[in-house]
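The residues making up each chain are set out below.
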Amino acid sequence: MKRRTSIVLMSAIAVVYVAAIAVSLHIRNFSLLDWWHHPGSGAAWRPPDTASIPSGPLGDSIRRGALLFDETPLYAAQYTPSKISCTSCHAEGGIQPYASPMVGLPPLFPMFNERAGHMITMKDRVQECFVRSENGTPLSYTGPEMESLVDYITWLSQPQPNRRRFAGRGLVKLPVLTPDPQHGAQIYAAQCSGCHGSDGQGRLPQFPPLWGPYSFNDGAGMNTLPKLAAFIQHNMPQNRMGILSPQDAYDVAGFVHAQPRPAFNQAYKHF
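Residues numbered from 1 in each chain as written. Predicted model: local features only at pLDDT ≥ 70, side-chain atom pairs only at ≥ 80, totals over all residues. Heavy atoms only, no water.

A. Spatial organisation of the overall build of the protein chain. Of regular secondary structure, the protein chain possesses eleven helices and two strands. If you list the helices and strands of the protein chain from N to C, you get α-α-α-α-α-α-β-β-α-α-α-α-α. Taking all 271 residues of the protein chain together, the buried fraction comes to 45%. Nonlocal contacts in the protein chain, meaning residues at least 24 apart in sequence, comprise 69% of its contacts between residues at least 6 apart. When the accessible surface of the protein chain is split by element, carbon and sulfur atoms take 60% of a total near 14,200 Å². (Helix = DSSP H or I, 4+ residues; strand = E, 2+ residues; numbered from the N terminus. Buried < 20%, exposed > 50% of the residue type's maximum accessible area, 1.4 Å probe, protein only. Contact = heavy atoms within 4.5 Å. Areas by Shrake-Rupley, 256 points an atom, 1.4 Å probe, with all protein chains shown as cover.)

As structure tokens, this is what we get:
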């Protein structure tokens, strides 16, 4: 009898423990987590078909999220004075490999954020982008902009059980190198200024400013040399990706990093 009671008690504890994990992760679709950790086999991952966007309010929210992601200064102007969109750093609408893609992001939260010094949710991560990379102010956690961005990212991350898992999360890994900003200025003039301008102000909406009052602020991740260099090396120039060596990328990053940009608002340092 004692043994049976012990087994029942252990089973109940296990159920409660699993439920607690699920609640803490805020995962509404368990198949997403299963697929992400147990990827399918066969053909490579492909972007979800827009035909898979459901009808009704959720579909409207996903489509609104795509617009917000691709043209943030236009559709979220009240939250950012910059000319930086989400897709400026998370390229191709958040699906380009090794450009900090959004695919597969929801199951990773909550996570510990070293810069913030505490656990964060995916909504907190969105806020971080707005107050740092887009030099703006936080969204309402329950507002339509936040909900639409989360719905869009979740839609991008929907399970594809008959396909391989998306490959290319984060940024490429580069060795730590010492930049030569003067050489970087030469590379920038030859390879980057055609799109981003000799003055770094870009050509909107496709090519964002890299410095100046409408660019990301000095609290953004892209204002750190390793991240900026890794993004540049794998993703730039857009029409000739891969032509820059790691040292070239560090040199360009050093040049861009030395240019003026807005100061991060320390009132938002918890993001």
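Past the structure itself, the notes keep going.
B. How the structure looks around helix α8 (residues 144-156). In a regular helix each residue adds 1.5 Å, so 13 residues correspond to 18 Å; α8 covers 18 Å between its end C-alpha atoms and thus fits that length. Among the residues of α8, those classed as buried are Glu145, Met146, Ser148, Leu149, Val150, Asp151, Tyr152, Ile153, Trp155 and Leu156. (Expected span 1.5 Å × (residues − 1).)

C. The packing of helix α3 (residues 57-70) against α8, seen in detail. Where α3 contacts α8, the two axes come as close as 7 Å, and the packing angle between them is 95°. Relative to α8, the element α3 lies roughly perpendicular. Contacts from Leu58, Ser61, Ile62, Arg64, Gly65, Ala66, Leu68 and Phe69 of α3 reach α8 at Pro144, Glu145, Glu147, Ser148, Leu149, Asp151, Tyr152 and Trp155. When grouped by side-chain class, the residues that make up the contact of α3 with α8 number nine nonpolar, three polar and four charged. (Axes fitted to C-alpha atoms, helices over the stretch in contact; angles between N-to-C directions. Parallel < 35°, antiparallel > 145°, perpendicular 65-115°, else oblique. Nonpolar A, V, L, I, M, F, W, Y, C, P; charged D, E, K, R; others polar.)

D. Structural context of the confidence of the model for the protein chain. In this model, the protein chain carries a mean pLDDT of 89, and residues with pLDDT of at least 70 account for 85%. Long-range and interchain partners of residues 1-31, a stretch whose pLDDT sits below 50, account for twelve contacts in this model, where long-range means more than four residues apart. (pLDDT = per-residue confidence, 0-100.)

E. A look at the packing of helix α10 (residues 225-235) against helix α11 (residues 246-257). One way to put it is that α10 packs onto α11 with a least axis distance of 8 Å and a crossing angle of 125°. The angle between α10 and α11 places the two elements in the oblique class. Along this stretch, α10 crosses α11, giving a crossing that reads as right-handed. Of the residues in α11, those touching α10 at Leu225, Pro226, Leu228, Ala229, Ile232 and Gln233 are Pro246, Ala249, Tyr250, Val252, Ala253, Gly254, Val256 and His257. When the residues that make up the contact of α10 with α11 are grouped by side-chain class, the tally is eleven nonpolar, three polar and no charged. (Left-handed = near helix turned anticlockwise from the far one by under 90°.)

F. Summary view of the state of the cysteines. A full pass over the atoms with the stated rule returns zero disulfides. With no disulfide partner, Cys89 has as its closest neighbouring cysteine sulfur the one in Cys129, 7.4 Å distant. Considering cysteine sulfurs only, Cys192 is the nearest to Cys195, which forms no disulfide, with 8.5 Å between them. You can call Cys195 partly exposed: its relative accessible area is 28%. (Disulfide = S-S within 2.5 Å.)

G. Highlighting the environment of Ser133. Tracing the backbone through its elements, the reader meets Ser133 in helix α7 (residues 122-133). Look at Ser133 and you get buried, because its relative accessible area is 16%. Each C-alpha atom, one on Ser133 and one on Asn217, is 6.3 Å from the other, the two residues being 84 residues apart in sequence. What Ser133 contacts, discounting residues up to four positions off in sequence, is Ile84, Glu128, Phe216 and Ala220.

H. Expanded view of the nonpolar core. With 27 residues, the main nonpolar core has Phe130, Leu139 and Leu149 as its most contacted residues. Listed by contribution, the elements that provide at least two residues to this core are α3, α7 and α8. Sort the elements by how many residues they give to this core and α8 lands first, with seven residues. Residues in contact with Phe130, not counting those within four places in the same chain, are Thr72, Ala76, Tyr79, Asn135, Gly136, Thr137, Leu139 and Leu149. In terms of nonpolar packing, the next biggest core, distinct from the first, is built from 26 residues, Ala99, Tyr188, Met222 and Ala253 among them. (Core = buried A, V, L, I, M, F, W, Y, C linked by side-chain atoms within 4.5 Å.)

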